Amino acid sequence: MATPDDLTFQEFEEAADLLSSNPGASTLSISSPGAAASSGEVRLDLSDDEDKQQESSELLGGEKQTGGFWTFEYYQSFFNVDTMQVLDRIKGSVMPLPGRNFVKHHIRNNPDLYGPFWICVTLVFSVAISGDLYTFLIKMGDPEFHYRPQFNKVSIAAVTVFLYAWLVPLGVWGFLTWRQSVERHISGYTFLETVCVYGYSLFIYIPTSILWTIPVYWFEWLLMAIALVISGSVLVMTFWPAVRDDTRLTAFATMAVIVSLHALLAVGFKLYFFETPKSTGSPHSGQQTTPAANHTLAVGKH
Amino acid sequence: MAEVEESSKPLFAGLSDISISEDIPVEGDISVPVGSQSADNDFSTLDEPVKDTILRDLKAVGQKFVHVMYPKKSSALLRDWDLWGPLLLCVTLALMLQGGSVDSEEDGRPQFAEVFVIIWFGSVIITLNTKLLGGTISFFQSLCVLGYCILPLTVAMIVCRIVLVGGSGLVSFVVRLIVVTASFSWSTFASTAFLADSQPPNRKALVVYPVFLFYFVIGWMILTFSPSH
């Protein structure tokens, strides 16, 4: 006779214990005599549900920013990519298929800084080394030419590439965010995604710069055209959906600015690092191309 | 104890009555080891001659050089890391590579500071990259490994200088190309052998590529070294 009373009393205590340990838990009132066994099962189910809910909320959360920017984990979250992911993103930047937005298709809410940074570093060294090789090949027949490695060109290349890869995305992101705040229906990208797109789009210049050492005039310009088309189309296909809802003037102006900056970078590289010397063959023929390089630097600094 | 509690007297009340008489013989030997230097030698090396100190560090550096030249998967380089070897190698390489003053013919060569900065800054960046990708190696261990694996490239630099004494034509260029290529692949292979175990498995290529780039750039600087006239 005391047993069902004891069971109900214990059930209440267990429920009270559960509630005190986990105030947010949902409670079920079970009033059957066999409640002790089923309350145990209920307790297990509740804790399982709780874990599952927590896990799924973590998976669905977009930008997971663990810790403040002064902790190491914050920066580790930007390097959360595997080899296959990086290779896949590089492939996506080299073969832009129409209709495939690079950000949506490849980056997928996981922008990384590994790709942009190391692609920029590789580009700096490939442009400098190939330029050196090109100068050597061009002047090989010149008897009074004494080969000197132009090491200072590495510094110039580094400054140009890194300024372009960081300041231009900053400008584009700022502009898109401003337009987004003005007109609500435009979808923007985060700063990291913009940097990511620009970084990966620079990849095509690496094999281009290596192939530029072949000193055949029309081939060089053909290569430049191909590289511009490929990387320009990556950029255009990424940013067109973001600006297409804007007024036609703004949309086209934005696209034109993006493409022309990219073209300026390529042309600047070609003219400064791979200069074809004039017929006098003087090693100081860099004088007339420095305005082009300065222009690139000035535009990149905007 | 139990009796004290039961009798409710204050604890240890009876001890004040106990006295040790002085004619209880105390036996035994208490000897303080006079030769305490044997314990001190393990901790303080202040008393040893300078030659011993230097030779011990040189021997450690030399042992690590041997490990780099014959790379096997061993943790010797990682366990007792030191930065003497990398400093020595870096200074040697930078001294041999540097250009002269601004006006002279060698103004295209990298300056001493540029080589130094490239080697150390490059090592720091690669180490940061490794740690950001989730490697379990410590900062200085990684610097130590990357610095020691410059040894094949330094050897190649010495060989190149010797070859350049003989002439700077096509044959010497081909010889230098082969030597530099062999040594830069050796460096990359050696450092990969030491660093491989501490990387997460599906990111190994992401970690190895910057190391490859680093040694490639140093190899290019060695290959394009042109003698002064």
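Residues numbered from 1 in each chain as written. Chains lettered and ligands numbered in written order. Predicted model: local features only at pLDDT ≥ 70, side-chain atom pairs only at ≥ 80, totals over all residues. Heavy atoms only, no water.

Student: Just to check I follow, could you spell out the UniProt feature "transmembrane region" (unreviewed entry) in chain B for this structure?
Tutor: Under the feature "transmembrane region" (unreviewed entry), the UniProt entry names residues 81-100, 112-133, 145-164, 170-195 and 207-226 of chain B. Helix makes up 95% of residues 112-133 of chain B and strand 0%, whereas the separation of the span's terminal C-alpha atoms amounts to 32 Å. (UniProt positions renumbered as here; feature names shortened; annotations may be inferred. Helix = DSSP H or I, 4+ residues; strand = E, 2+ residues; numbered from the N terminus.)

Student: What's the story with the packing of helix H6 (residues 114-138) of chain A against helix H10 (residues 204-223) of chain B in this structure? I'm lost.
Tutor: The geometry of a pair of packed helices is captured by two quantities: the angle between their axes and the separation between those axes. Packing of H6(A) against H10(B) brings their axes to within 12 Å, and their N-to-C directions diverge by 20°. The angle between H6(A) and H10(B) falls in the class roughly parallel. Read as a crossing pair, H6(A) and H10(B) show a hand that is left-handed. In this structure, H6(A) uses Tyr114(A), Trp118(A), Val121(A), Thr122(A), Phe125(A), Ile129(A) and Asp132(A) to contact H10(B), whose residues at the interface are Leu206(B), Val207(B), Tyr209(B), Pro210(B), Leu213(B), Phe216(B), Val217(B) and Trp220(B). Residues that form the contact of H6(A) with H10(B) fall into these classes: 13 nonpolar, one polar and one charged. (Axes fitted to C-alpha atoms, helices over the stretch in contact; angles between N-to-C directions. Parallel < 35°, antiparallel > 145°, perpendicular 65-115°, else oblique. Left-handed = near helix turned anticlockwise from the far one by under 90°. Contact = heavy atoms within 4.5 Å. Nonpolar A, V, L, I, M, F, W, Y, C, P; charged D, E, K, R; others polar.)

Student: Can you walk me through the nonpolar core in this structure?
Tutor: Where a protein is soluble and globular, its nonpolar side chains tend to be buried together. Judged by nonpolar contacts, the single largest core of 102 residues is most densely connected at Leu202(A), Phe239(A) and Tyr215(B). If near-sequence neighbours (up to four positions away) are discounted, Phe239(A) is found in contact with Val172(A), Leu176(A), Tyr189(A), Thr194(A), Val197(A), Tyr198(A), Met255(A) and Ile258(A). Val61(B), Val68(B), Cys144(B) and Leu151(B) belong to the second-largest nonpolar core, a separate cluster that totals six residues. (Core = buried A, V, L, I, M, F, W, Y, C linked by side-chain atoms within 4.5 Å. Buried < 20%, exposed > 50% of the residue type's maximum accessible area, 1.4 Å probe, protein only.)

Student: What am I meant to see in H10(B) here?
Tutor: Turn by turn, an α-helix covers 3.6 residues, leaving residues three or four places apart pointing in a common direction. In this model H10(B) runs 28 Å from its N-terminal to its C-terminal C-alpha over 20 residues, within 8% of the 28 Å that 1.5 Å per residue would give. Summarising burial for H10(B): 14 of the 20 residues are buried, a large majority. (Expected span 1.5 Å × (residues − 1).)

Student: Quick question: what am I supposed to make of the side chain of Thr208(A) here?
Tutor: Residue and element names in this part refer to chain A. With respect to the element layout, Thr 208 can be found in helix H9 (residues 205-211). Overall, the relative accessible area of 6% leaves Thr 208 in the buried class. Once you skip the residues sitting within four places of it in the chain, Thr 208 turns out to touch Leu 223 and Ala 227.

Student: Please explain the interface of chain A and chain B as it appears in this structure.
Tutor: Where the parts come together, the accessible area they lose is often given as the size of the interface. Counting residues at the interface gives 24 residues for chain A, matched by 31 residues for chain B. With both sides pooled, the region where chain A packs onto chain B buries about 2500 Å², and carbon together with sulfur makes up 67% of that total. Viewed at the interface, chain B and chain A are joined by one salt bridge. The residue Asp82(A) makes a salt bridge to Arg203(B) at a minimum N-O spacing of 3.0 Å. Taken together, the links from chain A to chain B amount to nine residue pairs in polar contact (both at pLDDT 80 or more). Listing elements by their share of the side of chain A that touches chain B, those giving two or more residues are helix H3 (72-76), helix H4 (83-94) and H6 of chain A. Ranked by the residues each element gives to the side of chain A that touches chain B, the list is headed by H6(A), at eight residues. For the side of chain A that touches chain B, the class distribution of residues is 15 nonpolar, six polar and three charged. (Buried area = accessible area lost by both parts, 1.4 Å probe. Salt bridge = Lys/Arg side-chain N within 4 Å of Asp/Glu carboxyl O. Polar contact = N/O pair within 3.5 Å; in protein donor to acceptor, adjacent residues only side chain to side chain.)

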